[in-house]
Amino acid sequence: QVQLVESGGGLVQAGGSLRLSCAASGGTFPNYVMAWFRQAPGKEREFVAAINWSASPLLYGDSVKGRFTISRDNAKNTLSLQMDSLKPEDTAVYLCAASRRYYSSWKASNDYDFWGPGTQVTVSS
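Worth saying up front: this structure is predicted, and the values here are computed from it rather than measured. Starting from 1, residues in each chain are numbered consecutively following that chain's sequence as written. Only residues with pLDDT of at least 70 are given local features in this predicted model, and only at 80 or more are side-chain atom pairs given and counted; all residues enter the totals for whole chains, interfaces and linings. Note: side-chain values were computed over all heavy atoms of the structure, leaving out hydrogens and water.

Colleague: Requested: an account of the pairing of strand S3 (residues 18-25), with residues and values cited.
Modeller: Per-residue accessibility, obtained with a 1.4 Å probe over protein chains only, is compared with the maximum for each type, and a residue is labelled buried under 20%, exposed over 50%, and partly exposed between these values. Under the scheme used here, helices are H or I runs from DSSP no shorter than 4 residues and strands are E runs no shorter than 2 residues, and both carry numbers assigned from the N terminus. The side-chain alternation of S3 yields one buried face, formed by Leu18, Leu20, Cys22 and Ala24, and one unburied face, formed by Arg19, Ser21, Ala23 and Ser25. Paired strands, as defined in this entry, are two strands with at least two bridges between them according to DSSP. Of the strand pairs in this sheet, strand S1 (residues 3-7) and S3 are connected by 5 bridges, and their pairing is antiparallel. If you follow serine 7 over to S3, its bridge partner there is serine 21. Pairing between S3 and strand S8 (residues 78-83): 6 bridges, direction antiparallel. Each residue of the ladder has a partner; that of serine 21, found in S8, is serine 80.

Spelled out as structure tokens, the structure:
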């Protein structure tokens, strides 16, 4: 069973950048497909991006495509999300997630087995 902890959130102006990290422990990190989701107050959890075991990005959500980049370092058990050209509508709690599945759409919350507590990202206009 893997434990996940996110970091790197904060307050940034629109147009700025942030880099989120997710540290994994207690499991075999390369065995998991990893993803980022986000959840804003009063809204459903939204898929952001997913990456496969060999560090190739699988999917990006339409709202972040071309602005966000997902990556992972299997040697350091770390997942990252580089967020550029941030917009106020990117404001949310960002969560990393791990999946034990081999086949999936990768976009649904229930595709993932383990979750971190989240880190807050606030983008001011």
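Colleague: Describe in detail the state of the cysteines, supporting the description with residues and values.
Modeller: Criterion for a disulfide: a pair of cysteine sulfur atoms within 2.5 Å. Summed over the entire model, instances satisfying the criterion amount to 1 disulfide. Residue pairing for cysteine 22: its cysteine sulfur links by disulfide to cysteine 96, the two sulfurs lying 2.0 Å apart. On the sign convention where negative means left-handed, the S-S torsion of about 45° between cysteine 22 and cysteine 96 marks this disulfide as right-handed. Of the two residues, cysteine 22 sits in strand S3 while cysteine 96 sits in strand S9 (residues 92-99), which places them 74 residues apart along the sequence. According to the relative accessible area criterion, cysteine 96 is buried, its value standing at 0%.

Colleague: Now, about the pattern of salt bridges: what can you tell me, with residues and values included?
Modeller: In a structure, side chains of opposite charge can pair up when their charged atoms sit close to one another. Criterion for a salt bridge: a side-chain nitrogen of Lys or Arg within 4 Å of a carboxyl oxygen of Asp or Glu. Applying the stated criterion across every chain, the model contains 6 salt bridges. Of the charged contacts in the structure, one is a salt bridge between glutamate 46 and arginine 38, with a shortest N-O distance of 2.9 Å. Arginine 38 gets classed as buried once you look at its relative accessible area, which sits at 5%. Shared partners join several salt bridges into a network, and the residues in it are Arg38, Glu46, Arg67 and Asp90.

Colleague: Which residues make up the side chain of glutamate 6, and what values go with them?
Modeller: Among the secondary structure elements, glutamate 6 is positioned in strand S1. For the buried glutamate 6, no salt bridge exists, and the shortest N-O distance to an oppositely charged side chain is 8.6 Å, to arginine 45. Counting of polar contacts relies on pairs of N or O atoms within 3.5 Å, with two restrictions inside protein: one atom must be capable of donating a hydrogen and the other of accepting it, and residues adjacent in sequence are counted only when both atoms are side-chain atoms. In this structure the side chain of glutamate 6 is engaged in a polar contact, spanning 2.9 Å, whose partner is the backbone nitrogen of cysteine 96. Engagement of the side chain of glutamate 6 in a polar contact is seen with the backbone nitrogen of glycine 118, the distance being 2.8 Å. Pairs of residues are marked as contacts when any of their non-hydrogen atoms sit within 4.5 Å. With residues up to four places along the chain from it excluded, the contact list for glutamate 6 reads Ser21, Cys22, Trp36, Tyr94, Leu95, Cys96, Gly116, Pro117, Gly118 and Thr119. Under the counting rule used here, the positive set is Lys and Arg, the negative set is Asp and Glu, and His together with the chain ends is not counted.

Colleague: So what about the packing of aromatic side chains? Which residues, and what values?
Modeller: Each aromatic pair joins two rings of Phe, Tyr and Trp (for Trp, the six-membered one) with centres within 6.5 Å, and gets the label stacked for planes under 30 degrees apart, edge-to-face for over 60, and tilted for any other angle. The final tally for this structure, using the stated rule, is 7 aromatic pairs. Centre to centre, the rings of phenylalanine 37 and phenylalanine 47 are 5.6 Å apart; their planes meet at 75°, and the pair counts as edge-to-face. You can see phenylalanine 37 sitting in strand S4 (residues 33-39) and its partner phenylalanine 47 sitting in strand S5 (residues 46-51), a full 10 residues away along the chain. Of the residues examined, phenylalanine 37 reaches a relative accessible area of 1% and is grouped as buried. Judged by its relative accessible area of 8%, phenylalanine 47 is buried. Centre to centre, the rings of tyrosine 112 and tryptophan 115 are 6.3 Å apart; their planes meet at 70°, and the pair counts as edge-to-face. Here the aromatic residues Phe37, Phe47, Trp106, Tyr112 and Trp115 are joined through ring pairs into a cluster of three or more.

These results come straight from atomic positions and should not be treated as a statement about function.
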